[in-house]
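Remarks on the overall topology
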Amino acid sequence: MTRKLLEHYLNLNYRITLYPDVEGGFVAAIQALPGCLTQGETLEETIENIHEARELSIEVTYEAGGTIPLPS
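1. Observations concerning the overall build of the chain
Counting its secondary structure elements, the chain contains two helices and three strands. When the helices and strands of the chain are read in sequence order from the N terminus, they spell out α-β-β-β-α. For the chain, the C-alpha atoms occupy an extent of roughly 45 × 20 × 20 Å along the three principal directions. In the chain, buried positions account for 29% of the 72 residues. Long-range contacts, defined here as pairs at least 24 residues apart, represent 41% of the contacts in the chain between residues at least 6 apart. For the chain, the computed accessible surface area is about 5,200 Å², with 53% contributed by carbon and sulfur atoms. Looking at the chain, you have 4 positive and 11 negative side-chain charges, and the mean spots of the two groups are 18 Å apart.

In structure tokens, the structure reads:
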């Protein structure tokens with residue numbers, strides 16, 4: 001089986017969970033990507049941070065030869 005290109009995985013749409021942090025700001029997570037979690041002071045910052053975390057998670061997993069979970 002041929003491995004798909006990194007770009008394929010980077011273009012997948014993962015469900016993002018956003019919720020307010022008890023200490024202020026917001027927290028975001030992508031359940032399908034283990035450890036993909038971030039926070040920010042505003043919704044905009046949090047969304048920007050989770051997209052960056054998603055890309056980094058996928059890139060690191062891909063380069064290590066790991067399996068990238070598909071969105072559910």
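Right, picking up where we left off after that structure.
2. Some details on a negative patch on the surface
Among the surface-exposed residues, Glu 41, Glu 45, Glu 48 and Glu 52 lie close enough to one another that they form a single negatively charged patch. Secondary-structure assignment places Glu 45 in helix H2 (residues 43-63). For Glu 45, a relative accessible area of 34% translates into the label partly exposed.

3. Describing H2
Relative to the 30 Å expected for 21 residues at 1.5 Å per residue, H2 spans 30 Å between its end C-alpha atoms, a close match to the ideal helical length. Every buried residue belonging to H2 is among Thr 46, Ile 50, Ala 53, Arg 54, Ser 57, Ile 58 and Tyr 62, and all of these are buried. Buried residues along H2 cover an arc of 155 degrees about the axis, so they all sit on one side. Turned more than 90 degrees from where H2 packs its buried face, Glu 44, Glu 48, Val 60 and Glu 63 sit exposed. Lining the buried residues of H2 we find helix H1 (6-10), strand E1 (17-20), strand E2 (26-29) and strand E3 (37-40). In the segment just after H2, Gly 65 is the residue with positive phi, at about 80 degrees.

Procedures and definitions
- Residues numbered from 1 in each chain as written.
- Predicted model: local features only at pLDDT ≥ 70, side-chain atom pairs only at ≥ 80, totals over all residues.
- Heavy atoms only, no water.
- Helix = DSSP H or I, 4+ residues; strand = E, 2+ residues; numbered from the N terminus.
- Buried < 20%, exposed > 50% of the residue type's maximum accessible area, 1.4 Å probe, protein only.
- Contact = heavy atoms within 4.5 Å.
- Areas by Shrake-Rupley, 256 points an atom, 1.4 Å probe, with all protein chains shown as cover.
- Lys, Arg positive; Asp, Glu negative; His and termini not counted.
- Charge placed at Lys NZ, Arg CZ, Asp CG, Glu CD.
- Patch = residues over 30% accessible without salt bridge, like charges linked within 9 Å, V, L, I, M, F, W, Y side chains within 5 Å.
- Salt bridge = Lys/Arg side-chain N within 4 Å of Asp/Glu carboxyl O.
- Expected span 1.5 Å × (residues − 1).
- Arc of directions from axis to C-beta.

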